[in-house]
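What the coordinates show
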Amino acid sequence: MLKLEYHIPELINFIHQYKIISSAILVLVGLFIKKMIVKRVRKVSQFKGEDKRHQISTLKNIINISLLLLLFLLWSTELQQFALSITAFVVAFVFATREFIQCLLGFIYVLSARPFRIGDWVQVGDVVGEVVGVDWIKTTLLEVDASTYEYTGRHIYIPNNKLIINTVVNLNFMRRYAVHTFTIITDPDVNVYELKPRLEKLAHDHCQHFSDVAERYKSVIEKRLDIGLNVIEPSIRITTNEYAKCQTEITIFCPAEEAIKIEQQISSDFMEYWHKIRERKGLKAS
């Protein structure tokens, strides 16, 4: 007994110094014990004529799990260091590729939420454009001038992670008809309110030729977006700015490709009439 206690520290020291040899011996001993126990159980089951396959399978699993636990305890220090190394590597990898991972998440968001499709007009932040391509890294837009509704000819590449942190506005209904607002600024020496009826008639006359189509398109937009639009008729709003100038704001619902043309026609007719009133009052141009 004293001799056994004397050799235990040496045995433990041997196991820690020669872990590979110790592991091999442990596996061989474990497999031998498993083989002997299974052989013994089978012999007993044959002698008694009982089906012991379930018990044999359970014994095999217990011995295998015990071997794994013993090996895990033997190599616990190395496994812990390996796990820390793997964790550090994973953290460094995620940190180095976080932008690409965010882009991939943005791509998954586009596929799942479907805020737009190829060909839609969208606004991402301050950028407006037509979607011409989407991949797992970026979304490609053909830039559109929001004031003229015309293509600028420039392609804009937006990383998909921007689609998560920025508001994405689908402007697809603006491709055909748009709510176009423009402002005419004049001196306050003429009462613009006197011109308002004439300006409303001018706007109505210039929008008359497409009013039926605009009404139908307005109904389509209201049905798709589940909202109500009250901008089918031109509206006029008169205010003053910080320079004490009269500011006449005109809003029309018109075909996008005709918006600038109609704006120029209304502005030209308005300014012509406004100058006639000034001449009639004997006012000089400032």
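Scroll up a little and you will see the structure.
This write-up is about the structure you can find in this document. (Residues numbered from 1 in each chain as written. Predicted model: local features only at pLDDT ≥ 70, side-chain atom pairs only at ≥ 80, totals over all residues. Heavy atoms only, no water.)

1. Concerning the side chain of Glu 143
With respect to the element layout, Glu 143 can be found in strand S3 (residues 138-145). Among the polar contacts listed, one links the side chain of Glu 143 to the side chain of Thr 152, at a separation of 2.8 Å. A polar contact is formed between the side chain of Glu 143 and the side chain of Arg 154, at a distance of 2.6 Å. Not counting residues up to four positions away in its chain, the partners in contact with Glu 143 are Val 128, Gly 129, Glu 150, Tyr 151, Thr 152, Gly 153, Arg 154 and Ile 156. (Helix = DSSP H or I, 4+ residues; strand = E, 2+ residues; numbered from the N terminus. Polar contact = N/O pair within 3.5 Å; in protein donor to acceptor, adjacent residues only side chain to side chain. Contact = heavy atoms within 4.5 Å.)

2. Observations regarding the pattern of salt bridges
Side chains that carry opposite charge are capable of pairing whenever their charged atoms lie near each other. According to the stated counting rule, one finds 6 salt bridges in the structure shown. When the shortest N-O distance is used, the salt bridge between Asp 187 and Lys 245 registers 2.4 Å. Taken together, the residues Asp 187 in the loop between strand S6 (177-186) and helix H7 (196-207) and Lys 245 in the loop between strand S7 (235-240) and strand S8 (246-255) connect sequence positions 58 residues apart. A relative accessible area of 14% places Asp 187 in the buried class. (Salt bridge = Lys/Arg side-chain N within 4 Å of Asp/Glu carboxyl O. Buried < 20%, exposed > 50% of the residue type's maximum accessible area, 1.4 Å probe, protein only.)

3. As for the sheet that holds S7
The strands that make up a sheet are held in pairs by hydrogen bonds between backbone atoms, and each pair lies either parallel or antiparallel. Strand order in the open sheet formed by 3 strands is S6-S8-S7, with antiparallel pairing between adjacent strands. For this open sheet the edge positions go to S6 and S7, each flanked by a neighbour on one side alone. Neighbour to neighbour, the strand axes of the sheet diverge by 20° on average, direction disregarded. Pairing of S7 with S8, which is carried by 6 bridges, proceeds in the antiparallel orientation. From the neighbouring strand, Ser 235 faces S8, where its bridge partner is Thr 251. Relative to S7, H7 is tilted by about 140°, and along the sheet it contacts S7 and S8. Along the sheet, helix H9 (residues 259-280) contacts S6 and S8; its crossing angle with S6, the most-contacted strand, is approximately 25°. (Pairing = 2+ DSSP bridges. Axes fitted to C-alpha atoms, helices over the stretch in contact; angles between N-to-C directions.)

4. Focus: the nonpolar core
Side chains of a nonpolar character, in soluble globular proteins, are inclined to be buried together. Judged by nonpolar contacts, the single largest core of 33 residues is most densely connected at Leu 199, Phe 210, Ile 250, Ile 252 and Ile 262. Taken together, the elements giving at least two residues each to this core come down to S6, H7, helix H8 (211-225), S7, S8 and H9. Looking at this core, the element that brings in the most residues is H9, giving 6 residues. Among all residues touching Leu 199, those that are not within four sequence positions of it are Ile 236, Thr 248, Ile 250, Ile 266 and Phe 270. Judged by nonpolar contacts, the second largest core, of 9 residues, contains Leu 141, Ile 156, Ile 158 and Leu 163. (Core = buried A, V, L, I, M, F, W, Y, C linked by side-chain atoms within 4.5 Å.)

5. Considerations on the packing of aromatic side chains
Any aromatic ring pair is given by two values, namely how distant the centres are and how the planes are angled relative to each other. Throughout the structure, instances matching the rule amount to 1 aromatic pair. Between Trp 121 and Tyr 151, the aromatic rings sit 6.1 Å apart at their centres with planes inclined by 80°, giving edge-to-face as the arrangement. Within this pair, whereas Trp 121 is found in strand S1 (residues 121-124), its partner Tyr 151 is found in strand S4 (residues 150-159), the two being separated by 30 residues in sequence. The class of Tyr 151 is partly exposed, set by a relative accessible area of 41%. The ring of Tyr 273 has Arg 198 sitting right over it, with the charged end atom 4.2 Å from the ring centre. (Phe/Tyr/Trp six-rings, centres within 6.5 Å; stacked < 30°, edge-to-face > 60°. Lys NZ or Arg CZ within 6 Å of the ring centre and 35° of its normal.)

6. Looking at helix H5 (residues 98-113)
Over its 16 residues, H5 extends 22 Å from the first C-alpha to the last, a length consistent with the 22 Å expected when each residue adds 1.5 Å. For H5, the set of buried residues is Cys 103, Gly 106, Phe 107 and Val 110. The buried residues of H5 occupy an angular sector of 100° when projected down its axis, which confines them to one face. In this structure, the buried residues of H5 make contact with strand S2 (127-134), S4 and helix H6 (162-165). (Expected span 1.5 Å × (residues − 1). Arc of directions from axis to C-beta.)

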